[in-house]
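Per-entry structural report
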Amino acid sequence: MAVLDVQNLTLSFGDGTLFEGVSFDVKEKEKVGLIGVNGAGKTSLFKLITGEYTADSGDCFLSKTARLGYMEQHTCSENKSVYEELISVFSELIETEKELERLSEVLTKGEGNSSENIEKQDALTELFTREGGLTYKSMTRSALLGLGFEESDFNKPTSQLSGGQRSKLILAKLLLSKADFLLLDEPTNHLDIKAVEWLEGFLKDFPGACLIISHDRYFLDKITNKTIEIENKKCRCYNGNYSLFLKKKEAEQKAIEEKYENDMKEIERIEGIIAQQRAWGRERNFKTAESKEKQIERIKKQLVIPDKMVEKIRFDFTPKTVSGEEVLTARDIKKSFDKKVIFENTSFNIMRGERVFLLGDNGCGKTTLLKILMKDYLPDEGYFKFGANVMTGYFDQVQAKLDLNKTAIEEIWTSFPAMTETSVRSALAAFLFKGDDVFKKLSDCSGGERARVALLKLMLGKFNFLLLDEPTNHLDAFSREELEKTLLSYSGTLLIVSHDRYFINKLATRIIELNKDGITEYLGDYDYYTERKALLSAWAEKQSEAKPKKVNEYQLKKERASQLRKAKTRLKKCEEEIEEAENELALIEEKMTSSGYEELLELTSRLDEYTNKRDSLYSEWESLSEFIAQNEE
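Just so we're clear, the structure is a prediction, and the values are computed from it rather than from any experiment. (Residues numbered from 1 in each chain as written. Predicted model: local features only at pLDDT ≥ 70, side-chain atom pairs only at ≥ 80, totals over all residues. Heavy atoms only, no water.)

**Let's talk about the pattern of salt bridges**
Worth spelling out the cut-off: Each reported salt bridge corresponds to a side-chain nitrogen of Lys or Arg within 4 Å of a carboxyl oxygen of Asp or Glu. Helix and strand labels come from DSSP, where a helix needs a run of H or I of at least four residues and a strand needs a run of E of at least two; each type is numbered from the N terminus. Only protein chains enter the calculation, and the probe is 1.4 Å; a residue is then buried if its accessible area is under 20% of its type maximum, exposed if over 50%, and partly exposed in between.
Tallied over the full model, the rule gives 44 salt bridges. Residue Glu 131 pairs with Lys 178 through a salt bridge whose shortest N-O separation is 3.6 Å. Taken as a pair, Glu 131 in the loop between helix H4 (114-130) and helix H5 (136-146) and Lys 178 in the loop between helix H6 (163-176) and strand S6 (181-185) lie far apart in primary sequence, 47 residues in all. On the accessibility criterion, Glu 131 (37% relative accessible area) is partly exposed.

**What about unusual backbone geometry?**
If you check the backbone angles, Lys 29 has positive phi at about 70 degrees while not being a glycine. You can see Lys 29 is positioned in the loop between strand S2 (16-27) and strand S3 (31-35). A residue is classified by how much of its surface remains accessible, and Lys 29, at 60% relative accessible area, is exposed. Phi angles above zero are rare outside glycine, and His 474 is one such case at about 75 degrees. We classify His 474 as partly exposed; its relative accessible area is 43%.

**Points about the packing of H5 against helix H7 (residues 193-205)**
Here is the rule: Only the stretch in contact is used when fitting a helix axis, every axis being a line fitted to C-alpha atoms; angles between N-to-C directions are given from 0 to 180 degrees. In these notes the angle categories are as follows: under 35 degrees is roughly parallel, over 145 is roughly antiparallel, 65 to 115 is roughly perpendicular, and the rest is oblique. In what follows, residue pairs with any heavy atoms lying within 4.5 Å of each other are defined as contacts. Only Asp, Glu, Lys and Arg are considered charged in this grouping, and only Ala, Val, Leu, Ile, Met, Phe, Trp, Tyr, Cys and Pro are considered nonpolar; every other residue, Gly among them, is considered polar.
Between H5 and H7, the shortest axis-to-axis distance is 9 Å and the interhelical angle comes to 140 degrees. Compared by their axis directions, H5 and H7 come out oblique. Here Ser 142, Ala 143 and Gly 146 of H5 lie close against H7, whose contacting residues are Lys 194, Ala 195 and Trp 198. Per-class residue counts for the contact of H5 with H7 are three nonpolar, two polar and one charged.

**Overview of a negative patch on the surface**
Rules: In this analysis, a patch consists of residues with relative accessible area above 30% that form no salt bridge, clustered at 9 Å for like charges and at 5 Å for the nonpolar side chains Val, Leu, Ile, Met, Phe, Trp and Tyr. Shrake-Rupley sampling with a 1.4 Å probe provides the accessible areas, and residues are treated as covered by the protein chains on show and by no other component. Think of it this way: Lys and Arg go in the positive column, Asp and Glu in the negative one, and His and the chain ends go nowhere. Lys charges are placed at NZ, Arg charges at CZ, Asp charges at CG and Glu charges at CD.
A surface patch of like charges, here negative, comprises Glu 575, Glu 576, Glu 579 and Glu 580. Relative to the elements of secondary structure, Glu 575 occurs in helix H18 (residues 553-592).

**Observations regarding the pairing of strand S10 (residues 326-337)**
Along any regular strand, the residues point their side chains to alternate faces of the sheet. Stated formally: By definition, two strands form a pair when at least two bridges between them are found by DSSP.
Alignment of S10 against strand S11 (residues 340-351), held across eight bridges, turns out to be antiparallel. When the bridges of S11 are listed, Glu 326 appears paired with Met 351. Note that S10 and strand S13 (residues 381-386) share five bridges and pair antiparallel. Pairing of Ala 330 across the sheet is with Phe 384, part of S13.

**Let's talk about helix H11 (residues 366-373)**
The element H11 is largely enclosed, with a buried count of seven among its eight residues. If you check which residues of H11 are buried, you get Lys 366, Thr 368, Leu 369, Leu 370, Lys 371, Ile 372 and Leu 373. Looking one or two residues beyond H11, the residue adopting positive phi is Lys 375, at roughly 65 degrees.

**Some details on the sheet that holds strand S16 (residues 493-497)**
Taken in spatial order, the six strands make up an open sheet running S14-S15-S16-S12-S17-S18, and their pairing is mixed. On the outer flanks of this sheet lie strand S14 (392-395) and strand S18 (518-522), each paired with one strand and no other. Taken over all neighbouring pairs, the strand axes of this sheet differ in orientation by 20 degrees on average, direction set aside. Across five bridges, strand S17 (residues 510-515) lies against S18 in antiparallel orientation.

**A short note on the packing of helix H3 (residues 91-109) against H4**
Helix-helix packing: each pair is described by the crossing angle between the helix axes and the interaxial distance. Threshold: When the near helix sits turned anticlockwise from the far one by under a right angle, the crossing is termed left-handed; a clockwise turn instead gives a right-handed crossing.
Running from N to C, H3 and H4 cross one another at 150 degrees; their axes reach a closest spacing of 10 Å. Classified by the angle their axes make, H3 and H4 are roughly antiparallel. Crossing handedness for the pair H3 and H4: left-handed. Between H3 and H4, the contacting residues are Leu 93, Thr 96, Glu 97, Glu 99, Leu 100, Arg 102, Leu 103, Ser 104, Val 106 and Leu 107 on the first element and Ser 114, Asn 117, Ile 118, Lys 120, Gln 121, Leu 124, Thr 125 and Phe 128 on the second. For the contact of H3 with H4, the class distribution of residues is eight nonpolar, six polar and four charged.

**Things to note about H7**
The α-helix advances 3.6 residues per turn, and as a result positions three or four apart in sequence lie on the same side. What counts, and what does not: Expected span of a helix: the number of residues minus one, times 1.5 Å.
The end-to-end C-alpha distance of H7 is 19 Å, a good match for the 18 Å that 13 residues give at a rise of 1.5 Å each. Listed in full, the buried residues belonging to H7 are Ile 193, Ala 195, Val 196, Leu 199, Glu 200, Phe 202 and Leu 203.

**As for the environment of Lys 406**
Positionally, Lys 406 belongs in the loop between S14 and helix H12 (408-415). Placed 37 residues apart in sequence, Lys 406 and Ser 443 show a C-alpha to C-alpha distance of 8.0 Å. The residues contacting Lys 406, other than those within four sequence positions of it, are Glu 411, Thr 414, Lys 440, Lys 441 and Leu 442.

**Remarks on the nonpolar core**
To keep things clear, this is the line we draw: Joining through side-chain atoms within 4.5 Å is the link that ties buried Ala, Val, Leu, Ile, Met, Phe, Trp, Tyr and Cys residues into a set, and such a set is a nonpolar core.
In terms of nonpolar packing, the biggest core is built from 105 residues, with Leu 182, Leu 203, Phe 317, Phe 357, Leu 428, Phe 431 and Leu 487 touching the most fellow members. With eight residues, the single largest contributor to this core is helix H14 (residues 447-460). Of all hydrophobic cores here, the second largest spans 27 residues; its members include Ile 49, Leu 68, Phe 181 and Ile 230.

**Some thoughts on the confidence of the model for the chain**
For the record, the criterion: On a range of 0 to 100, pLDDT expresses the predictor's confidence in each residue.
Of the residues in the chain, 95% have a pLDDT of 70 or more, and the chain-wide mean is 88. No element of the chain has a lower mean pLDDT than helix H19 (residues 597-631), at 75, and none a higher one than S16, at 97.

The structure is reproduced here in structure tokens:
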């Protein structure tokens, strides 16, 4: 059964049509991703569903039983604490709980009609339990912690919250409301990776339906089972998550383009026949020509013209010069603010051509570390140095170095005065600033437009070492795809701070995780990073299962030494077993070159068995190696 049925919606603003003929439905329990370039009309579609906007034509039908929830219906009062504000979502349960307490007191004192009060108490207890009365306090706490609030924030007045914290609190109110159909517009904004993972877990368990606008492709892949795209004023629906949508759309567009080309060739061929028949000028030739014209009309009626390609940003970060092999060396860097240590003992190297991602919890100092490398901050201790011929470019996530009093063209031209006006305008056009857009003041630009100006300045600098702080913020999914493609072919070196897990997976050759005590390194992408962290955590937990709650330093040192010895012994055994597996695989492969059919089947089975065994051993070897590296003195 559909909770939402959208039929032939058309919406215009002024003379421009935003979209037309949009039709789709959302069924119970479906998690649907709504995607499209910035400005395609996704948020406007939400406003049509909620009734804030009225369509030019078409209708939205909400199920009579659906309880719609969206962020704009929730606000924050100014005179409550964070905890009080969120738990107010359960006001009916709170009132029921108070009434149960009153009835309990009345029954204890023996006041009133006891049989009536007992009956009322039983009914209210059943209602209280059914509606979640036993869990609403723990759900409130879980939502606050999950979305990144600290225990110390619970009693903070909502009037003291930042814009990002306020947005998170409103999101929490929406999630804990009684709505069974959620409209979520960029729900992962302002959330770090841990909070996004909590939200993913919540939505996976959510029993209702969701329609989600998001540029977070990893999030969409995890949550959605249907994708709706608004493109070129039209709407298309695909079963599956974002990655499946990309594959299906590519295949669909390829088929449409091929058929269009074939149909146009056929029309051209028939037109040649018609011209020839008319040139001959006989009656039967005219009849043939008329028949062929009808054939062309039939082809044109069913002709599907491929969508005009969506205009995309054209990135090109080709560096001016090649750097030395060693790009950056950092040793024992420490930074504190107001005597609070942000991080210390931070050491790492970056070599030419690496694509390194700097990860860590919000507030751990990732942006601060980049600013130290750009000499905006001084370290308290330690040092860093760049290698030979390193030219460093920095993308600041808040674009603090843009002059908001300038227009887009002035900002670029001031930074690159040797460029001609034509070349500046061409460069801006490649970043989707067309016509009078180039004279728009940066103070009047959206966050996405400012990000494009900052990225253009970075591109024109031709740097060979890019420090990028959340470069995909404000970019739609399709611009992110273009940025990924460009950075994958970039011949320079990258150090990137990002919460975009899809982006990290596409690009990362190495991940360095920053925490208060320094750096932990992982040689791989985001999936590898999470897998290794889980393995290391499980390994360490297994080794310390029976550890007493309080141990002295001597005992801790002894236990760590014991764990290290066990890990080194097992590492050596792993290496021996890997060598045995490799030798066995070599023998099997040698036998396969001269074996018969039946023997080949048996050898193939053994080959799979030993390949899986070897791969498992390699995985264990990597986990043990990382554990040893992190725990050796």
